[in-house]
Amino acid sequence: MALFQAKRRNILPGFGLSMGYTVFYLSAIVIVPLSMIFINTIPMGWEPFLNAVTAPRVLASYRLSFSTAFFAALFDGFAGLLTAWVLVRYRFPGKDFLDALVDLPFALPTAVAGICFATLYSPIGWLGQLLSHWNLQIINSPTGIVIALVFIGFPFVVRTIQPVLEEAEQEIEEAAHCLGATRWQTFRKILLPHLFPALLTGVTLAFARGIGEYGSVIFIAGNLPMKTEIAPLMIMSKLDQFDYAGASAVALVLLCISFSMLLLLNAVQEWQQKEYRS
Amino acid sequence: MGIELQNINKKFGEYKAIDNLSLSIPSGDLIALLGPSGCGKTTLLRIIAGLELADSGKIILENKDTTNLPPRKKNVGFVFQHYALFRRLNVFENVAFGLKVLPFKERPPRIEIRDRVEHLLKLVQMDWALNRYPSQLSGGQRQRVALARALAVNPRVLLLDEPFSALDAKVRQELRRWLRKLHDEIHVTSIFVTHDQEEALELADKIVVINKGRIEQEGTPQEVYDHPANAFVYNFLGNVNVFHGRIKNGKVSLGDHDLDAPDELKYIEEKPSQTFVRPHEIGISRIRSNENDLVGIIHEVRLQGGQIGLNIECEGLDNPIEAEVPRELFVNLQLAKGVQVFVTINRVRVFAGDYEI
């Protein structure tokens, strides 16, 4: 009832139509396909489901997927903030070029990125050779996965922060300077809180993308059981063995964890924002 | 001297924003920098604050050369046109900001900060809003918080950049009077920038009229208003009727009419002239009292609070005259649109030579 009242009072026209479209769109593109995962797992029964998703290899893959995505997103947070800062605040030759470069991870087939990384960091690759002097191995290790995910998630952070930083009034920073704040104090106390919601959004997107990423990771990860197998790979390998139900089960758990994390982050953001608005 | 500026120059590309400007302001004065937009007044203020670097010249604040200090070391209070409050901090934190960013050794203890902030907020009548966020305050309230924030660091000088121009008329007037009162209490050397001559006349101890990066005139509001140094100042300070004509043989032409030229211009052979008449220096009557009176028809009547603005088309003048009469007179004379009146010009100011704004 409350919903209908809200609708009647709304001054913006087209609520019914746009809401209907939104529901239809989300159903057709998101909810229906995803619900197939549920439906596929139902015939499995509780016991086999639990067995499938708690197999040690699967659990290890969850841990790996979430931890690497987390660290990659965290790193992207720093690197992306810095890049956005440079792109917004300074003028320099080649700025447009650099700006366009940021989007490249969006456009590039992720497998291409994976192959590039694998060649670069392999023991005979440019960087791999160099790093082997210090006995550092990137390929076939979680570090390699993080590097691939950093690459994939990077544009999300830059592109969410950029507009907010562009809109940030110069006057606010000038006010802080006049009041005696150093550059660092101004950044930490004024600018960072201002950018934080955007930063959080960007990091969340990068994180979510990182959990689901497949193409770029499998080439560099080496896919060693219990060590460098990511969750999407577990799903793929179950599919390869025609274990559709098992694949769905793994996917379902992945889906539930991802979704609740995104919900949680959204809630944090909402709560963060609430105070400053009248 | 509170503020001393020596030969300040500032160019933006080829454009001269500040042109060899020098200015001395005694400690404790409240000064208005008055000028049209783009005249360089805001640039000058930003140079004093260190937010802009002058190309050359010296800035001395309370006898300390601050020319090359960064803004944070100048100890200047700056109030921005659009408040520039920290959105994510509440009112208390906004005002306390300047104290909390002090190096550890100079930072007052928490309790002292609290006392000082509360005292300042009381001074600006915002002590009820300690925990509010800027978005929950009106424009006038925000500007008061911004002022308290600027005062928190005990600034050497206080600089206000069009502080009231974003507010509506009523609040603007209220804040103006309140700022004057506040300044009388705390006596910090202050400069405020404005393009509103009324604001400058009402508020300032001294007005500095600026045009094209140069000072046209400085003086008390009375001096500047009553004895404008040149045509620009006369024109800029308040509404005015301008008549373009010629000075010749001790006479100034005003359309088809001739007036006696002022003494200092008596002996000019022939030159173009501008004659200025303020709307309130024009007398209106229904009967001719003087043979020099102009005859005109009221073309337009405007209500301006206590005064009535009249637009009168006079015989022998190319442009209509703007006049102001008290409401009472307007009623007594039964003036209205289309009525014929006689216009006496009580006071004129004549400037010889061409002039442009």
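A quick note: this is a predicted structure, and the numbers were derived from the prediction, not measured. (Residues numbered from 1 in each chain as written. Chains lettered and ligands numbered in written order. Predicted model: local features only at pLDDT ≥ 70, side-chain atom pairs only at ≥ 80, totals over all residues. Heavy atoms only, no water.)

Caption draft 1: Representation of the overall build of chain B within the structure. A count of helical and extended segments in chain B gives ten helices and 20 strands. Every one of the 357 residues in chain B was classed for burial, and the buried ones make up 51%. On chain B, roughly 17,100 Å² of surface is accessible, and the fraction owed to carbon and sulfur atoms is 46%. The positive charge centre, built from 46 side chains, and the negative charge centre, built from 48, are 10 Å apart in chain B. (Helix = DSSP H or I, 4+ residues; strand = E, 2+ residues; numbered from the N terminus. Buried < 20%, exposed > 50% of the residue type's maximum accessible area, 1.4 Å probe, protein only. Areas by Shrake-Rupley, 256 points an atom, 1.4 Å probe, with all protein chains shown as cover. Lys, Arg positive; Asp, Glu negative; His and termini not counted. Charge placed at Lys NZ, Arg CZ, Asp CG, Glu CD.)

Caption draft 2: Focus on the sheet that holds strand 11 (residues 241-248) of chain B. Residue and element names in this part refer to chain B. The five strands are arranged 13-12-11-14-20 in an open sheet whose pairing can be described as antiparallel. Edge positions in the open sheet fall to strand 13 (257-260) and strand 20 (349-352), since each of these has one partner strand only. Looking at each pair of strands side by side, their axes are set apart by 35° on average, direction ignored. Pairing geometry for strand 14 (residues 270-277) and strand 20, over four bridges, is antiparallel. Bridge assignment links Thr 275 to a residue of strand 20, and that residue is Val 350. (Pairing = 2+ DSSP bridges. Axes fitted to C-alpha atoms, helices over the stretch in contact; angles between N-to-C directions.)

Caption draft 3: Layout of helix 7 (residues 110-121) of chain A. Across its twelve residues, helix 7 of chain A extends 16 Å between first and last C-alpha, which sits within 8% of the 16 Å expected from 1.5 Å per residue. Looking at the packing, one finds that the buried side of helix 7 of chain A touches helix 8 (126-132), helix 9 (142-167), helix 11 (183-212) and helix 12 (215-221) of chain A. (Expected span 1.5 Å × (residues − 1). Contact = heavy atoms within 4.5 Å.)

Caption draft 4: Layout of a nonpolar patch on the surface. Together, A:Tyr21, A:Phe24, A:Tyr25, A:Leu26, A:Ile29, A:Val30, A:Ile31 and A:Leu34 make up a nonpolar patch on the protein surface, roughly 790 Å² of accessible area in all. For A:Val30, the location among the structural elements is in helix 2 (residues 15-41). (Patch = residues over 30% accessible without salt bridge, like charges linked within 9 Å, V, L, I, M, F, W, Y side chains within 5 Å. Salt bridge = Lys/Arg side-chain N within 4 Å of Asp/Glu carboxyl O.)

Caption draft 5: Structural context of the confidence of the model for chain B. Per-chain confidence: chain B averages 89 in pLDDT, with 99% of residues scoring 70 or above. ipTM for the predicted complex: 0.82, alongside a pTM of 0.78. (pLDDT = per-residue confidence, 0-100.)

Caption draft 6: Up close: the interface of chain A and chain B. At the interface, 24 residues of chain A touch 24 residues of chain B. In this assembly, chain A and chain B are joined by one salt bridge. Between A:Glu174 and B:Arg46 there is a salt bridge, with the nearest N and O atoms lying 2.7 Å from each other. Seen at the junction of chain A and chain B, the total is four residue pairs in polar contact (both at pLDDT 80 or more). Residue assignment for the side of chain A that touches chain B shows that the elements contributing at least two residues are helix 10 (170-178), helix 11 and helix 14 (244-274) of chain A. (Polar contact = N/O pair within 3.5 Å; in protein donor to acceptor, adjacent residues only side chain to side chain.)

Caption draft 7: Expanded view of the packing of aromatic side chains. All names here are of chain B. Evaluated as defined, the whole model comprises 14 aromatic pairs over all chains. Residues Phe 86 and Phe 97 carry aromatic rings whose centres are separated by 4.7 Å and whose planes lie at 55° to one another, so their mutual orientation is tilted. Taken as a pair, Phe 86 in the loop between strand 6 (76-79) and helix 3 (91-100) and Phe 97 in helix 3 lie far apart in primary sequence, eleven residues in all. According to the relative accessible area criterion, Phe 86 is buried, its value standing at 2%. Residue Phe 97 is classed as buried on the basis of its relative accessible area, which comes to 4%. (Phe/Tyr/Trp six-rings, centres within 6.5 Å; stacked < 30°, edge-to-face > 60°.)

Caption draft 8: Highlighting the pairing of strand 9 (residues 206-211) of chain B. Residue and element names in this part refer to chain B. Counting buried positions over the six residues of strand 9 gives five, a clear majority of the element. Looking at chain direction, strand 3 (residues 30-34) and strand 9 are connected through four bridges and run parallel. Residue pairing across strands places Leu 33 opposite Val 208, the latter belonging to strand 9. Sheet topology note: the strand 9/strand 10 (residues 214-219) ladder contains five bridges and is antiparallel. Bridge pairing links Ile 207 to Gly 219 in strand 10. Hairpin connection from strand 9 to strand 10: two residues lie between these consecutive antiparallel strands, with Lys 212 at a positive phi of about 50°.

Caption draft 9: Broad picture of the domain arrangement of chain B. Residues and elements named next belong to chain B. What the domain assignment reports for chain B is domain 1 (3-236) and domain 2 (241-352). The gap between the C-alpha centroids of domain 1 and domain 2 is 39 Å. With nine residues of domain 1 in contact, the opposing surface of domain 2 contributes nine residues. Together domain 1 and domain 2 conceal approximately 790 Å² of surface at their shared face, both sides included; 52% is due to carbon and sulfur atoms. The three residues of domain 1 that bury the most area against domain 2 are Tyr 225, Ala 231 and Tyr 234, which together make up 71% of that side's buried surface. One can count zero salt bridges joining domain 1 with domain 2. (Domains from an automatic or database assignment. Buried area = accessible area lost by both parts, 1.4 Å probe.)

Caption draft 10: Region of the structure containing the sheet that holds strand 18 (residues 321-326) of chain B. All names here are of chain B. What the five strands build is an open sheet, ordered 15-19-16-17-18; its pairing is antiparallel. Each of the sheet's edge strands pairs with one partner strand only, and the pair in question is strand 15 (282-285) and strand 18. Between one strand axis and the next, the sheet turns through 45° on average, direction left out of account. Across four bridges, strand 16 (residues 294-304) lies against strand 19 (residues 340-345) in antiparallel orientation. Paired with Leu 294 across the two strands is Val 343, which belongs to strand 19.

Caption draft 11: Geometry of the domain arrangement of chain A. Residue and element names in this part refer to chain A. With domains assigned, chain A is organised as domain 1 (1-44) and domain 2 (47-277). Just the C-alpha atoms count here: the centres of domain 1 and domain 2 sit 29 Å apart. Summed over both sides, the interface between domain 1 and domain 2 buries roughly 720 Å², with carbon and sulfur atoms accounting for 84% of that surface. It is Ile 37, Thr 41 and Met 44 that lose the most area in domain 1 upon contact with domain 2, and together they represent 70% of the buried surface on that side.

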